[in-house]
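A structural walkthrough
Letter by letter, the chains look like this.
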Amino acid sequence: MARVAKKTARGRIAPKFAKVGSGELVTLFDFVRYAVSRFVEAELAFAHGTTDPVAEAAFLVGEALHLDPEQFEAFAPARVTAAERKTILDLIHRRITTRKPAAYLVNKTYMRGLPFYVDERVIVPRSFIGELLDSHFGSDGEAGALIDDPTEVGRVLDLCTGSGCLAILAAHHFPNAMVDAVDISKGALEVAARNVGEYGLEERISLYRGDLFAPLGDNRYDLIITNPPYVDAEGMAALPPECRAEPKLAFDGGADGLNVVRRILREAPDHLTRDGGLICEIGRGRELVDEAFPELPLLWLDTEDSEGEVFWIAAADLG
Ligand SMILES: C[S@@+](CC[C@H](N)C(=O)[O-])C[C@H]1O[C@@H](n2cnc3c(N)ncnc32)[C@H](O)[C@@H]1O
């Protein structure tokens, strides 16, 4: 047994790790294997940029060594130094004892291959909209494209921007667009500002603090992107510890999860251009949304890891 449990003064179980002898773990692969064994043993949840213990372990080991994820395989058989060994083991053990998402431990996550700074002020980016921007808003004229020509998109709004990840992906996707991004959380906007700065997009992305559309006046957009809070009360009560380390404001969608989504659907028509459209992630509330808005021809979009959790609606259909 590598881990023995000990009760703390507060009655919580504090995992204690058996000493890893020097020379027992040698290569990057060895540390990934060790991490996977410990993660599975500790029954961690994986939902923050990785979806399984192997990917999570490879991410942590790679970040500890400042390796680009693309480089991991090439270096996997390489040995680590004593100092690196200490850093890696510390991260692996902190992932288990704190139950924080790995992204918070290294202040970084990747979305669609791009790195973003993150800390506890923002939810760790994992919106399905990132993939949908590639699959349905591409410039290669593929079937199912929802916007004819990405270069003609002039104004984009990212509502509930958090870390700014979707605003930044949108700025890359729609090269001629000016992007507005709104969040109600001061801390989230500080993180978003940092990411916008790191991508040198200050001239194209404007950040606003406020309640949904409130700070935007009469502005209208060709595209509104939003990944709002949409977890219902039952889901909130069942969040794993990893998600409880994230801001509650990012999840809490009220009793049925749709408090914010309803408001967005009601208010969006006043902020879309005639040919514009709204793409909105809603989690598992599809039936409820369909029931609440039977008159709306919502187009449900699937991704590699989701079915019917994001809808698209054209402004003309929104009323
Ligand atoms: C699910 S997170 C999405 C963050 C980011 N777009 C992403 O995909 O990673 C939802 C965000 O909405 C923000 N938020 C919650 N209620 C809001 C409101 N009424 N108006 C604006 N932002 C809100 C939260 O602070 C949080 O950053």
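Throughout, residues of each chain are indexed from 1 in the direction in which the sequence is written. Thresholds applied to this predicted model are a pLDDT of at least 70 for local features of residues and 80 or more for the giving and counting of side-chain atom pairs; totals over whole chains, interfaces and linings are not thresholded and use all residues.

Within an unreviewed UniProt entry, the label attached to the chain reads SAM-dependent methyltransferase, and the organism entered is Bradyrhizobium nanningense.

**A word on the overall build of the chain**
Note the following rule: Helical segments are the DSSP runs of H or I of at least four residues, strand segments are the runs of E of at least two, and each set is numbered from the N terminus. Throughout, the radius of gyration refers to the C-alpha atoms, and the reference size of a globule is 2.2 Å times the residue count to the power 0.38. With C-beta atoms placed from the backbone, a residue counts as buried when 20 or more other C-beta atoms lie within 10 Å of its own, as exposed when 12 or fewer do, and as partly exposed for counts between those limits. Two residues qualify as being in contact provided that their C-beta atoms, derived from the backbone, are within 7 Å of each other.
What the chain contains, in helices and strands, is 13 helices and 11 strands. Against the compact-globule benchmark of 20 Å for 319 residues, the chain has a radius of gyration of 21 Å, which places it among compact chains. A burial count over the chain gives 40% of its 319 residues as buried. Restricting to contacts in the chain with at least 6 residues of sequence separation, those with at least 24 account for 63%.

**Some words on the domain arrangement of the chain**
Rules: Where a domain begins and ends is set by an automatic assignment or by a domain database. Note on residue categories: nonpolar means Ala, Val, Leu, Ile, Met, Phe, Trp, Tyr, Cys or Pro, charged means Asp, Glu, Lys or Arg, and polar means any other residue, Gly included.
Assigned domains of the chain: these are domain 1 (3-104) and domain 2 (109-318). For domain 1 and domain 2, the distance between their C-alpha centroids amounts to 32 Å. On the domain 2 side, the residues contacting the 10 residues of domain 1 number 11 residues. For the side of domain 1 that touches domain 2, a count of residues per class yields six nonpolar, two polar and two charged.

**Some remarks on the UniProt feature "domain: Methyltransferase small" (unreviewed entry) in the chain**
Our working rule: UniProt positions are given in the numbering used here, feature names are shortened, and annotations may be inferred rather than shown by experiment.
Under the local residue numbering, the UniProt record ascribes the feature "domain: Methyltransferase small" (unreviewed entry) to residues 152-234. Note that residues 152-234 is 29% helix and 27% strand, and that its end C-alpha atoms are spaced 42 Å apart.

**So, the UniProt feature "domain: Release factor glutamine methyltransferase N-terminal" (unreviewed entry) in the chain**
Per the UniProt entry, the sites bearing "domain: Release factor glutamine methyltransferase N-terminal" (unreviewed entry) are residues 47-106 in this numbering. Annotated as 63% helix and 0% strand, the span residues 47-106 places its first and last C-alpha atoms 16 Å apart.

**Quick look at the site of the ligand**
Note the following rule: Placing a C-beta atom from the backbone of each residue, we mark the residue near a molecule or strand if the atom is within 6 Å of it.
As a matter of local geometry, the ligand sits amid 23 residues, with Ser 127, Cys 160, Gly 162, Ser 185 and Asn 227 nearest to it. Elements with a contribution of two residues or more to the shell around the ligand: helix H7 (165-173) and strand E6 (178-183). Taken together, the residues of the shell around the ligand sort by class into 15 nonpolar, six polar and two charged.

**Details of the environment of Ile 224**
Looking at the element boundaries, Ile 224 is found in strand E8 (residues 221-226). Residue class for Ile 224 comes out buried when judged on the 26 C-beta atoms lying within 10 Å of it. Counting along the chain gives 53 residues from Ile 224 to Gly 277, while the straight-line C-alpha distance between them is 6.4 Å. Those residues in contact with Ile 224, other than ones at most four positions away along the chain, are Leu 157, Leu 159, Ala 268, His 271, Leu 272 and Leu 278.

**Description of helix H6 (residues 129-136)**
Keep this limit in mind: Each direction from the helix axis to a C-beta atom contributes to the arc, which is the arc of those directions.
Among all positions of H6, only Ile 129, Gly 130, Leu 132, Leu 133 and His 136 are buried. An end-on view of H6 places all buried positions within 165 degrees of arc, on one side of the element.

**With respect to the sheet that holds E6**
Just so we agree on the cut-off: Two strands qualify as a pair provided that DSSP identifies no fewer than 2 bridges between them. Note on method: axes are straight lines fitted to C-alpha atoms, helices fitted across the in-contact stretch only, with angles between N-to-C directions ranging 0 to 180 degrees.
Taken together, the seven strands give an open sheet; going across it, the order is E7-E6-E5-E8-E9-E11-E10, and neighbouring strands pair in mixed fashion. With one partner strand each, in any of the chains shown, strand E7 (205-209) and strand E10 (299-303) form the two edges of the open sheet. Recorded for the sheet is a direction-independent mean angle of 20 degrees between the axes of neighbouring strands. One ladder, built from five bridges, connects E6 with E7; its direction is parallel. Across the sheet, residue Asp 180 finds its bridge partner in E7, namely Ser 206. The strands touched by helix H8 (residues 186-198) within the sheet are E6 and E7, with E7 carrying the most contacts at an inclination of about 170 degrees.

**Let's talk about the nonpolar core**
For soluble globular proteins, the rule of thumb is that nonpolar side chains tend to be buried together. As a reminder of what qualifies: Residues of type Ala, Val, Leu, Ile, Met, Phe, Trp, Tyr and Cys that are buried and joined through C-beta atoms within 7 Å form what is called a nonpolar core.
One finds Phe 31, Ala 35, Val 61, Val 156, Ala 170, Ile 224 and Val 261 to be the most contacted residues of the largest nonpolar core, which totals 84 residues. In terms of residue count, the dominant contributor to this core is H7 (seven residues). Each of two domains, domain 1 (3-104) and domain 2 (109-318), supplies a minimum of three residues to this core.

**Description of H8**
Applied cut-off: Given the number of residues in a helix, its expected span is that number minus one, multiplied by 1.5 Å.
With 13 residues, H8 ought to run about 18 Å at 1.5 Å a step, and its terminal C-alpha atoms sit 19 Å apart, in line with that. The set of residues buried in H8 consists of Ala 188, Leu 189, Val 191, Ala 192, Asn 195 and Val 196. The arc enclosing the buried residues of H8, seen along the axis, measures out at 160 degrees, which places them on a common side. Looking one or two residues beyond H8, the residue adopting positive phi is Gly 200, at roughly 60 degrees.

**A closer look at the packing of helix H1 (residues 28-41) against helix H2 (residues 53-64)**
Worth spelling out the cut-off: Angle categories are assigned with fixed cut-offs, so that under 35 degrees is roughly parallel, over 145 is roughly antiparallel, 65 to 115 is roughly perpendicular, and the rest are oblique. Left-handed describes a crossing in which the near helix is turned anticlockwise from the far one by less than a right angle; the clockwise case is right-handed.
It is the contact of H1 with H2, at a shortest axis distance of 8 Å, that shows an interaxial angle of 130 degrees. Of the possible angle classes, the one that applies to H1 and H2 is oblique. When the axes of H1 and H2 are compared, the crossing they make is right-handed. Of the residues in H2, those in contact with Leu 28, Phe 31, Val 32, Ala 35, Val 36, Phe 39 and Val 40 of H1 are Pro 53, Val 54, Glu 56, Ala 57, Ala 58, Leu 60 and Val 61. Among the residues forming the contact of H1 with H2, the class breakdown is 13 nonpolar, no polar and one charged.

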